[in-house]
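Single-letter residue listing:
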Amino acid sequence: MDLSIVIPLLNESESLPELHRWIKEVMHKHNFSYEVIFVDDGSTDDSWKCIEKLSAIDQNVKGIKFLRNYGKSQALHAGFEKAQGDVIITMDADLQDSPEEIPDLYKMIMTDGYDLVSGWKKKRYDNVVMKNLPSKLFNWAARKTSGVYLHDFNCGLKSYNKKVVKNIEVYGEMHRYIPVLAKNAGFANIGEKVVKHQARKFGSSKFGMERFIYGFLDLITIWFMSKFGKRPMHFFGALGALMFGIGLLSATYIGVLKLYKLSVGEPTILVTDNPWFYIALTTMIIGTQLFLAGFLGEIILRTKNNEVRYKISQFLHL
C-alpha cells in the first residue's frame, strides 16, 4: 500500500464528507493505493456516524473511535499503530489542510529520501494577534531548544516514512514535537515543504491560547527527556551531589571557624545561632532529596510496565 492518511478529529462532522471527496479525487488522480484512518477523539456530534457512512460506501475508509477525548497525541498514536502504508500522511479534519499537497509530500519521502517532511503554512488565515504572533514565538523557541530547524512545528500536515512512525512513541501532548522525537530516535533527515493554509469552513478551532503555554512546557519536557530521559541519575544525582557537597563544605567551614575562634579566645556565637548554618543544612537536605529522586527515577525506568493510554470502543475495517 502506498499511503496511509491518518486524520485525528474532534466534532468535525460537517467537514468529513467534503474532506473525504477531496482526498478520494487526489488519490484516484495519482493512482495511489491508500487507506484513510479517521480517529474520532471522543466527538460529541455526529462525526462517528459520518465515518460509518463513509466506510460503508468506501472500503478505503477506516475508523477508530475513542470512548472519550484523550487528545491529539493519543489519536495519532492509535492511527500510527494501525497504519499499513509505506508513507503515512497526517492532516487535520477541518479542511484547513489541502489534500492536493499529498503527492508532493509522498514524493519527498519515497524519491528524495526524507524520513519526515513537515508542512509550513507560510501564509496563514488565522488571527494575527491570537495565533500568528504567539506561533512565531513558539516556533522560534522550539528551533533554539530542539535543534530541529522547522518554521512550523504545529502544522498538522506531515508525511513520514513508515519506519519512523513505527519507532517513535507519541505521548502526552507531544504531537507538536514529532520531528524532535524522530530526530532523537535517529531519523535526522527531516525536510520541510511550504503548504497552502485554507480558511476554516465549518465549526471553530478546538485550540486556544493555552496551547502555547502547554507547548512551552512540553518543549521543556522533551528537552529534558531527550537529554536525561534514559539516565535521570545523571541530572538529579549530579545536581544533588553538588548541592550536598556545597552544604557539607559550608557546614564544615562554620564548625571549623567556631573551633578556631574558641582556640584563640575570640568571642563567638552558637552554631545554631548562625543563619548560615541553616542555609547549609537546607542545601544538604535538598541535595539528598535530589539524589534520591534520581535514584528512584532509575528504579522506575527499569521496572515500569506499559500503561493503558486510551480506550477504544469501536474499529472499522482495521
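Residues numbered from 1 in each chain as written. Predicted model: local features only at pLDDT ≥ 70, side-chain atom pairs only at ≥ 80, totals over all residues. Heavy atoms only, no water.

(A) Geometry of the overall build of the chain. For the chain, the helix and strand inventory stands at 10 helices and 8 strands. Here the C-alpha atoms of the chain give a radius of gyration of 26 Å, more than 25% beyond the 20 Å that 2.2 N^0.38 yields for 318 residues. The principal-axis extent of the C-alpha atoms belonging to the chain is close to 95 × 40 × 40 Å. Summed over all atoms, the accessible surface of the chain reaches about 16700 Å², with 59% contributed by carbon and sulfur. Counting 40 positive and 33 negative side-chain charges, the chain places the centres of these two groups 3 Å from one another. (Helix = DSSP H or I, 4+ residues; strand = E, 2+ residues; numbered from the N terminus. Rg over C-alpha atoms; globule rule 2.2 N^0.38 Å. Areas by Shrake-Rupley, 256 points an atom, 1.4 Å probe, with all protein chains shown as cover. Lys, Arg positive; Asp, Glu negative; His and termini not counted. Charge placed at Lys NZ, Arg CZ, Asp CG, Glu CD.)

(B) Representation of empty space enclosed by the protein. One pass over the structure, following the stated rule, counts 1 cavity of 30 Å³ or more. Considering only enclosed or pocket space, the largest cavity measures out at about 100 Å³ in volume. As for the largest cavity, its lining consists of Lys-72, Leu-76, Thr-90, Phe-153, Asn-154, Cys-155, Gly-156, Lys-158, Tyr-160, His-175, Arg-176 and Ile-178. Of all the elements in the fold, those that place two or more residues in the lining of the largest cavity are α3 (72-82) and β6 (158-161). (1 Å grid on protein atoms, 1.4 Å probe; cavity = no way out; pocket = protein on both sides within 12 Å on 5 of 7 lines; lining within 4 Å. Points joined across faces, edges and corners; volume = space filled by probe spheres on them.)

(C) Looking closely at the nonpolar core. Residues Phe-66, Phe-80, Phe-153, Tyr-160, Tyr-177 and Ile-178 are the most contacted members of the largest nonpolar core, which totals 35 residues. Among the elements of the structure, β2 (34-40), β3 (61-66), α3, α5 (128-146), α6 (162-165), α7 (178-184) and α8 (210-228) are those that each provide at least two residues to this core. Not counting the four nearest positions on each side in its chain, Phe-80 is found in contact with Val-6, Ile-88, Thr-90, Tyr-160, Val-165, Lys-166, Val-170 and Ile-178. Counting 34 residues, the second largest nonpolar core, distinct from the first, contains Leu-16, Ile-51, Met-91 and Ile-109. (Core = buried A, V, L, I, M, F, W, Y, C linked by side-chain atoms within 4.5 Å. Buried < 20%, exposed > 50% of the residue type's maximum accessible area, 1.4 Å probe, protein only. Contact = heavy atoms within 4.5 Å.)

(D) Local environment of the side chain of Asp-115. Structurally, Asp-115 is set in the loop between α4 (102-110) and β5 (116-120). Buried charge Asp-115 goes without a salt bridge, the closest partner of opposite sign being Lys-163 at 4.2 Å. (Salt bridge = Lys/Arg side-chain N within 4 Å of Asp/Glu carboxyl O.)

(E) Highlighting helix α9 (residues 232-264). Taking 1.5 Å per residue, 33 residues should reach 48 Å; α9 reaches 48 Å between its end C-alpha atoms and fits that length. Within α9, burial applies to Pro-232, Met-233, Gly-237, Gly-240, Gly-247, Ile-254 and Lys-258. (Expected span 1.5 Å × (residues − 1).)

(F) Examining the pattern of salt bridges more closely. Following the criterion strictly, the structure yields 5 salt bridges and no others. In this structure, the salt-bridge partner of Lys-65 is Asp-40, at a minimum N-O distance of 3.9 Å. Remark: Asp-40 occurs in strand β2 and Lys-65 occurs in strand β3; sequence separation between them is 25 residues. In this structure, Lys-65 and Asp-40 share a single accessibility class: buried.

(G) Focus on the packing of helix α1 (residues 16-29) against helix α2 (residues 47-57). α2 packs onto α1 with a crossing angle of 35° between their chain directions and a minimal axis gap of 10 Å. Like other packed secondary-structure pairs, α1 and α2 cross with a definite hand, here right-handed. Each of Leu-16, Pro-17 and His-20 in α1 lies in contact with α2, whose residues at this interface are Ser-47, Cys-50, Ile-51 and Leu-54. Here the residues of the contact of α1 with α2 are counted per class, giving 5 nonpolar, 2 polar and no charged. (Axes fitted to C-alpha atoms, helices over the stretch in contact; angles between N-to-C directions. Left-handed = near helix turned anticlockwise from the far one by under 90°. Nonpolar A, V, L, I, M, F, W, Y, C, P; charged D, E, K, R; others polar.)

(H) Quick look at the sheet that holds β2. An order of β7-β5-β6-β4-β1-β2-β3-β8 is seen for the 8 strands of this open sheet, with the pairing classed as mixed. Looking at which strands have only one partner, the edges of the open sheet turn out to be β7 (190-194) and β8 (312-316). On average, each strand axis in the sheet is inclined to that of its neighbour by 15°, with strand direction left out of account. Here 7 bridges tie strand β1 (residues 3-9) to β2, and the two strands are oriented parallel to one another. In the strand pairing of β2, Ser-4 is matched with Glu-35. (Pairing = 2+ DSSP bridges.)

(I) The environment of Tyr-70, seen in detail. Tracing the chain through its elements places Tyr-70 in the loop between β3 and α3. In this structure Tyr-70 comes out as buried when scored by relative accessible area, which is 17%. Sequence separation of Tyr-70 and Glu-173 is 103 residues, and the distance between their C-alpha atoms is 9.9 Å.

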